[in-house]
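Single-letter residue listing:
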Amino acid sequence: MRIAMIGGGYVGLVSGACFAEFGSEVTVVETDRAKLDALRQGHIPIYEPGLDRLVADNTAAGRLRFDDDLAAALDGVDAVFIAVGTPTRRGDGHADLSYVYAAAEQVARALSGYAVVVTKSTVPVGTGRRIVEIMRHARPDLAFDVASNPEFLREGSAIEDFMRPDRVVIGAESERAREVLRRIYRPLYLIEAPIVFTGIETAELAKYASNAFLAMKVTFINEMADLCEKVGGDVHDVARSIGLDGRIGRKFLHPGPGFGGSCFPKDTLALVRIAQDAGAPTRLVESVVAVNDARKATMAMRVIAACGGSVRNKVIGVLGLTFKPETDDMREAPALPIVARLVEDGAQVQAFDPQGMEQARALLPPSVTYCRDAMEAVAGADALVLLTEWNEFRALAPARLAAAMRGRVLVDLRNVYDPTAMREAGLTYHGIGRPHS
Ligand SMILES: NC(=O)c1ccc[n+]([C@@H]2O[C@H](COP(=O)([O-])OP(=O)(O)OC[C@H]3O[C@@H](n4cnc5c(N)ncnc54)[C@H](O)[C@@H]3O)[C@@H](O)[C@H]2O)c1
């Protein structure tokens, strides 16, 4: 099969490389010149484990290439996937669909024959229909189908998620479109991954519903953590006790500083707006958005309280900046409001993140010092704050931390450390929803 992937970001690049690995001939179309040049030279602009190898192998095999010439990329394609960004629109929380609509129009003008135009971007209900209108208006003569194939991959395990998905959702209305997508995804039939065929609106909504549900689970356990702190419970035992119930499940029950990233914050907000516009408000999701925003904003106060009420002129070591481990993505990371507030209150922040520091530099206050490794961020700190649970931070021995620090305060916003071991090493441990020092 021949495929064009519009957009070479996280989703476009991973999906494009994986489709090539499945055996299709894929051209990834990217308009950002710097990104395109990097990709053509074999440099992967994002950090995603295994992606550099997958791209290199498939490029060498002649199945994957990168271009900014849309007409050349669309020549003879069976399907065009739109994987451009759908960020939150300024001011109203709706998804900004300008990149999607622009791509749809460009594709319509450049296609020379029938193809299925598939949205992989996360888009509100109704976008597929609008794409049909835009394409028809641009090219009344063109035969095409529009389909929705939302992407559920997770940054950090994107390739595995794509190659062995829990399910693939395909919203399509013609048998011809379904057949093209069936053939593209054939390798997944062989491993018996469930493929759910739906209408276009259902597929569009399924993606938002999935992310909103997961965000709700995270927010629920965060609230249970706060309650544990008040009543003397341990949130890990609560999470385990409820998670072992098969109806609930154990995943996404880890308390933390609030969810961030490129998807949950914007998708929950967009779902709230979609539902309000449709006259069926999702009160639960509205609460999730509000509770999570408030949580991220108040996390710095925990650090300040742990430091005795003030961080002025204190050295705060920060371990981890990205919204989760195994990515360099800083979008909506809890680190952003937390570090900004600490700096505003007069702290001297020295931070280390294995992959996210380049992106962080552009987003955090200029006074933040970026360290070469974790121990440099720990050295001389009055307080240490763990913000992202990278594996290498888990391995830091309590005695080593205590010896390198100037002060005694450890704020563990991901609950990765053993409170007893930290206490025995002489540190004052502050976790989330578990008994303190
Ligand atoms: N990042 C994730 O983990 C994830 C997971 C599932 C779904 N999604 C969804 O997938 C979509 C893409 O997300 P992303 O994180 O890959 O975004 P991204 O911002 O990393 O990448 C989008 C890319 O598209 C390019 N682009 C924009 N318009 C273009 C055009 N007309 N032609 C060619 N290239 C164009 C941009 O230059 C950019 O490189 C979003 O809707 C997102 O919600 C993301």
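A brief report on the enclosed structure follows. (Residues numbered from 1 in each chain as written. Predicted model: local features only at pLDDT ≥ 70, side-chain atom pairs only at ≥ 80, totals over all residues. Heavy atoms only, no water.)

## Concerning helix α11 (residues 235–243)
At step 1: Residues of α11 that are buried include every one of Val235, Ala239 and Gly243, and no others. When α11 is viewed along its axis, its buried side chains cluster within an angular range of 60 degrees and face the same direction.
At step 2: On its buried side, α11 packs onto α10 (200–231). (Buried < 20%, exposed > 50% of the residue type's maximum accessible area, 1.4 Å probe, protein only. Helix = DSSP H or I, 4+ residues; strand = E, 2+ residues; numbered from the N terminus. Arc of directions from axis to C-beta. Contact = heavy atoms within 4.5 Å.)

## Notes on helix α5 (residues 98–110)
Given 3.6 residues to a turn, an α-helix orients residues that are three or four positions apart in the same direction.
At step 1: Its 13 residues give α5 an end-to-end C-alpha distance of 18 Å, which sits within 8% of 18 Å, the value for a rise of 1.5 Å per residue.
At step 2: Of the positions making up α5, those classed as buried are Val100, Ala103, Ala104, Val107 and Ala108. Considered in projection along α5, the buried side chains sweep an arc of 135 degrees and stay on one side of the axis.
At step 3: Tucked into the core, α5 has its buried residues touching β1 (2–6), α4 (70–74), β4 (79–82), β5 (115–119) and α6 (127–138). (Expected span 1.5 Å × (residues − 1).)

## Focus on the site of the ligand
At step 1: Close to the ligand lie 25 residues; Val11, Glu30, Lys35, Thr86 and Lys266 are nearest.
At step 2: Contact between the ligand and Thr86: an oxygen atom at 2.5 Å from a side-chain N or O atom of the residue.
At step 3: In the environment of the ligand, an oxygen atom lies 2.6 Å from a nitrogen or oxygen atom belonging to the side chain of Lys266.
At step 4: A breakdown of the residues in the shell around the ligand according to their chemical character gives eight nonpolar, nine polar and eight charged. (Near = heavy atom within 4 Å. Polar contact = N/O pair within 3.5 Å; in protein donor to acceptor, adjacent residues only side chain to side chain. Nonpolar A, V, L, I, M, F, W, Y, C, P; charged D, E, K, R; others polar.)

## Considerations on the packing of aromatic side chains
At step 1: This model, assessed by the stated rule, comprises nine aromatic pairs.
At step 2: Between Phe22 and Phe162 the ring centres are 6.0 Å apart and the planes differ by 35 degrees, which places this aromatic pair in the tilted class. Of this pair, Phe22 sits in helix α1 (residues 10–22) while Phe162 sits in helix α7 (residues 158–163), and the two are 140 residues apart along the sequence. An identical accessibility class is assigned to Phe22 and Phe162; each is buried.
At step 3: Ring centres of Phe259 and Phe264 lie 5.8 Å apart, and the angle between their planes is 80 degrees; this geometry places the pair in the edge-to-face category. The exposure classification of Phe259 matches that of Phe264, with both residues buried. (Phe/Tyr/Trp six-rings, centres within 6.5 Å; stacked < 30°, edge-to-face > 60°.)

## Structural notes on the sheet that holds strand β9 (residues 315–319)
At step 1: Spatially, β11-β10-β9-β12-β13-β14 is the arrangement adopted by the six strands of the open sheet, whose pairing is parallel. Whereas interior strands pair on both sides, the edge strands pair on one side only; in this sheet they are β11 (369–370) and β14 (428–430). (Pairing = 2+ DSSP bridges.)

## Here we look at the packing of α6 against α10
At step 1: One way to put it is that α6 packs onto α10 with a least axis distance of 8 Å and a crossing angle of 130 degrees. Relative to α10, α6 is oriented oblique. From α6, Thr127, Gly128 and Arg129 reach across to α10, where they touch Ile200, Glu201 and Glu204.
At step 2: Each residue belonging to the contact of α6 with α10 can be placed in one class, and the counts come to one nonpolar, two polar and three charged. (Axes fitted to C-alpha atoms, helices over the stretch in contact; angles between N-to-C directions. Parallel < 35°, antiparallel > 145°, perpendicular 65-115°, else oblique.)

## Quick word on the pattern of salt bridges
At step 1: Throughout the structure, instances matching the rule amount to 29 salt bridges.
At step 2: Close ionic contact of Arg89 with Asp92 constitutes a salt bridge, the shortest N to O distance being 2.5 Å.
At step 3: A relative accessible area of 24% means that Asp92 is categorised as partly exposed.
At step 4: Residues Arg182 and Glu175 are paired through a salt bridge, measuring 3.0 Å at the closest nitrogen-oxygen approach. (Salt bridge = Lys/Arg side-chain N within 4 Å of Asp/Glu carboxyl O.)

## Quick notes on the pairing of strand β2 (residues 25–29)
At step 1: The element β2 is extensively covered by neighbouring structure, given that four of its five residues are classed as buried.
At step 2: Here β1 runs beside β2; their pairing, made up of five bridges, is parallel. Residue pairing for β2: Arg2 is matched across the bridge by Glu25.
At step 3: Considered for its hand, the β-α-β crossover made up of β1, α1 and β2 is right-handed.
At step 4: Across four bridges, β2 lies against strand β3 (residues 64–67) in parallel orientation. (Right-handed = clockwise from strand over helix to strand, strands pointing away.)

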